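# Residue-level structure breakdown
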Amino acid sequence: MTTVDEHLERILAAVAPTRPRRAGLEQAHGCVLAADVRATVALPSFDNSAMDGYAVRAADVAEATEDAPTTLPVVGEIPAGPGTPAPLKPGTVVRIMTGAPLPRGADAVVQLEWTDGGRESVAIRRPADRGLHVRRAGEDVTPGALVLPAGTVIGSAQIGLLAAVNVARPPVHPRPRVAVLSTGTELVEVGSPLGAGQIVDSNSHGIAAAAREAGALVRRLTGVPDEPDAFAKALHGVLGEVDAVVTTGGVSVGAYDVVKEVLTGTGTVRFDTVAMQPGKPQGFGLVEGVPIFTLPGNPVSALVSFELFVRPALQRMRGLAATGLPRIVVTVDTELHSPPGRRTFVRVGLAPLGDDGRPGPRTVARLAGGQGSHQLTSLAGAQALVIIPEDVTQVPAGARLPALLLGADAGAILSGMGWVDTDTSDPSAGPAEPIAR
């Protein structure tokens, strides 16, 4: 059998980042920068006020106190907006709003709360050091400075920064366009009445959602029966419009496994028996230059296979490192078993536990439910997949094993609680404690 690592290596050797292009900020959101971005303007672009208050010369209010305020004439008002304010003369102040340009001669801003709020003259009750509440031009970014390096995922803060430095069309790797289709004459769309022998097409919805979570733009195809011509027509109908295709079902050894029947010998597609559980039957290759991932039909097998093989490939296509799901080390709370020669992925929930049985620093893994490849409830309730290596058949309770974190928020939640196992050993090396071979 092919190993999990060999199958993934073959996939990653065949995929590449999407071709870079410049995109407007709306379209760039969620994409990955294809090149460094440098500022075209200073940020801020001019000296301005960080507070509503009064622009002053610091020397004029150096003696101000609560008991003996310094009273100065107010000679004007500067709102935020275009224009150049008149210079500030010694012994005077000007009312100024947040973001408004600082007048030449002023070197501090006294916030409104330190004054009596006067409009013709103002009593200032505290001294102001030079630079107080003043945003200097270029103090955040100078023209030409690197603001975002290549490989940055463009989120809301990055969009704001790009706009602030006047970059309207950053260079990005566009999100991969992925077509998802499930094969099966027995499949009906969710919400439809079920006849005898029919099942709801859950795979295409689950895989489409996983692809969106991985940063792809998804087109979900429906109603593909177990007929070679129908599958071939559906597949070739999208090849020119997408960057990848993910199928589920039809890859085993059954009489109606049309995906395997149609794609065997097509392009570079190859079908393998991968030494893993769940998800043993796998296929991958290029058809007309488009990567085709053929996943097994059982719903858990399909989703686990996506996480192991498709997610890392989509990361590479987006211009990111193909790291897959984040890994931690966990302590299992029950005995586990695995077939010889297979890498097994066990669905577990996670909990913090100290040596006294109370919440503490160790991350404990507990079975999330049934482990059958058809049992979606345990996958939906799982926070991680515990990895049992190929050469291990029995894991005693208390053993430590690597695990893959599931869900977009799982890692952040665990880190925020402060109880993710901090073991720094290589998770791929297997458990830190002896287990039965």
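Refer to the structure presented above.
Every chain is numbered independently, its residues counted from 1 as its sequence is written. Two thresholds apply to this predicted model, a pLDDT of at least 70 for residue-level local features and 80 or more for giving and counting side-chain atom pairs, whereas whole-chain, interface and lining totals are computed over all residues. Working from all heavy atoms in the structure, the side-chain values ignore hydrogens and water.

What follows deals with the overall build of the protein chain. Put simply, DSSP marks the helices as runs of H or I at least four residues long and the strands as runs of E at least two long, and each gets a number from the N terminus on. Looking only at helices and strands, the protein chain features nine helices and 28 strands. What the globule rule says is 2.2 Å times the number of residues to the power 0.38, and the radius of gyration is computed from C-alpha atoms. Here the C-alpha atoms of the protein chain give a radius of gyration of 31 Å, more than 25% beyond the 22 Å that 2.2 N^0.38 yields for 437 residues. With respect to the three principal axes, the spread of C-alpha positions in the protein chain is 95 × 60 × 45 Å. Only protein chains enter the calculation, and the probe is 1.4 Å; a residue is then buried if its accessible area is under 20% of its type maximum, exposed if over 50%, and partly exposed in between. Counting the 437 residues in the protein chain, one finds 48% classified as buried. Long-range contacts, defined here as pairs at least 24 residues apart, represent 70% of the contacts in the protein chain between residues at least 6 apart. For the protein chain, the exposed surface amounts to about 20,300 Å²; the carbon and sulfur share of it is 52%. Contact criterion: two residues are considered in contact whenever any of their non-hydrogen atoms come within 4.5 Å of each other. In these tables, accessible area is a Shrake-Rupley quantity obtained with a 1.4 Å probe, and a residue counts as shielded only by the protein chains included in the view.

Of note, Pro396 is situated in the loop between strand E27 (394-395) and strand E28 (400-405). For the pair Pro396 and Trp114, spaced 282 residues apart in sequence, the C-alpha separation works out to 68 Å.

Note that the residue after Leu43, namely Pro44, is joined by a cis bond; omega there is -10 degrees. Examined against the element boundaries, Pro44 turns out to sit in the loop between strand E3 (37-38) and strand E4 (48-49). Cis geometry is found at the peptide bond from Gln277 to Pro278, where omega equals 0 degrees. Along the chain, the position of Pro278 falls in the loop between strand E19 (276-277) and strand E20 (281-287). At His133, a residue that is not glycine, the phi angle is positive and equals roughly 55 degrees. One non-glycine residue, Glu288, lies in positive phi territory at about 55 degrees.

So, on to the sheet that holds strand E9 (residues 121-124). The strands making up a sheet associate through hydrogen bonds between their backbones, and the pairing can be parallel or antiparallel. One bridge is not enough; two strands pair if DSSP finds at least two bridges between them. One open sheet accounts for five strands, arranged E8-E5-E7-E6-E9; its pairing is mixed. Each edge of the open sheet carries a strand with a single partner, namely strand E8 (108-111) and E9. Strand-to-strand twist across the sheet, computed as the mean angle between neighbouring axes with direction ignored, equals 45 degrees. Pairing between strand E5 (residues 53-56) and E8: four bridges, direction antiparallel. Among the inter-strand pairings, Val56 is bridged to a residue of E8, identified as Ala108. Structural elements are reduced to axes, namely lines fitted to C-alpha atoms, with helices fitted over the stretch in contact, and the angle between N-to-C directions of any two is expressed from 0 to 180 degrees.

This part takes up the nonpolar core. In this structure, Ile207, Phe293, Phe306, Phe309, Leu314 and Phe345 are the most contacted members of the largest nonpolar core, which totals 39 residues. Secondary-structure elements contributing two or more residues to this core are helix H1 (4-14), strand E13 (177-183), helix H4 (203-213), strand E17 (244-248), strand E21 (290-295), helix H7 (299-318) and strand E26 (384-388). Looking at this core element by element, the count peaks at eleven residues for H7. What is meant by a nonpolar core is a set of buried Ala, Val, Leu, Ile, Met, Phe, Trp, Tyr and Cys residues, joined one to another through side-chain atoms within 4.5 Å. Core analysis: the second largest hydrophobic core is formed by 20 residues, Val224, Leu239, Val269 and Val290 among them.

Another point: the environment of Leu303. With respect to the secondary-structure elements, Leu303 resides in helix H7. Taking the C-alpha atoms as reference points, Leu303 and Arg21, separated by 282 residues in sequence, lie 31 Å from one another. Setting aside anything within four residues of it in sequence, one finds Leu303 in contact with Gly206, Ile207, Ala210, Leu376 and Leu379.

Right, let's get into the sheet that holds strand E18 (residues 270-273). Pairing in this open sheet of six strands is mixed, and the strands run E16-E13-E17-E21-E20-E18 from one edge to the other. In the strand order of this sheet, the two ends are held by strand E16 (217-224) and E18, each with one partner. For this sheet, the mean inter-axis angle between neighbouring strands, taken without regard to orientation, is 20 degrees. Relative to E16, E13 is paired through six bridges, and the arrangement is parallel. Its bridge partner being in E16, Val178 is matched across the sheet by Val218.

Attention now moves to the pattern of salt bridges. We define a salt bridge as a side-chain nitrogen of Lys or Arg found within 4 Å of a carboxyl oxygen belonging to Asp or Glu. Tallying each qualifying case throughout the model produces 14 salt bridges. Glu66 is paired through a salt bridge with Arg125; the nearest N and O atoms lie 3.5 Å apart. Of the two residues, Glu66 sits in the loop between E5 and strand E6 (70-78) while Arg125 sits in the loop between E9 and strand E10 (134-135), which places them 59 residues apart along the sequence. For Glu66, a relative accessible area of 48% gives the class partly exposed. Ionic contacts of the salt-bridge type, sharing partners, join the residues Asp5, Arg343 and Glu390 into one network.

The buried count for E20 comes to five of seven residues, which makes it a mostly enclosed element. Bridging between E18 and E20 involves four bridges; their strand directions are antiparallel. Paired with Asp272 across the strands is Gln282, a residue of E20. For E20 and E21, the ladder comprises five bridges, and the chain directions are antiparallel. Along E21, the bridge assignment pairs Gly285 with Ile292. The antiparallel pairing of E20 with E21 creates a hairpin that spans two residues between the two strands, and Glu288 there sits at a positive phi of about 55 degrees.

Let's shift gears to the side chain of Thr92. For Thr92, the position within the fold is in the loop between E6 and strand E7 (93-96). Engagement of the side chain of Thr92 in a polar contact is seen with the backbone oxygen of Lys89, the distance being 2.7 Å. If sequence neighbours within four positions are ignored, Thr92 has contacts with Asp60, Pro73 and Val75. Counted as a polar contact is a pair of N or O atoms within 3.5 Å, where, for protein atoms, one must be capable of donating a hydrogen and the other of accepting one, and residues adjacent in sequence contribute only when both atoms are in side chains.

This next bit is on the packing of H1 against H7. Interaxial distance between H1 and H7 falls to 10 Å at its minimum, and their mutual angle equals 30 degrees. One way to sum up the angle between H1 and H7 is to call them roughly parallel. Considering how the two elements wind past one another, H1 and H7 form a crossing that is right-handed. Note on element contacts: H7 touches H1 through Leu308, Phe309, Pro312, Ala313 and Arg316, opposite Val4, His7, Leu8, Ile11, Leu12 and Ala13. Throughout, the ten residues Ala, Val, Leu, Ile, Met, Phe, Trp, Tyr, Cys and Pro are labelled nonpolar, Asp, Glu, Lys and Arg are labelled charged, and all others, Gly among them, are labelled polar. Its residues assigned to classes, the contact of H1 with H7 comprises nine nonpolar, one polar and one charged. Every angle not falling under 35 degrees, over 145, or within 65 to 115 is termed oblique; those three ranges are roughly parallel, roughly antiparallel and roughly perpendicular. For a crossing to be left-handed, the near helix must be turned anticlockwise from the far one by less than a right angle; the clockwise case is right-handed.

In short, the description is geometric, and any link to function would need to be established separately.
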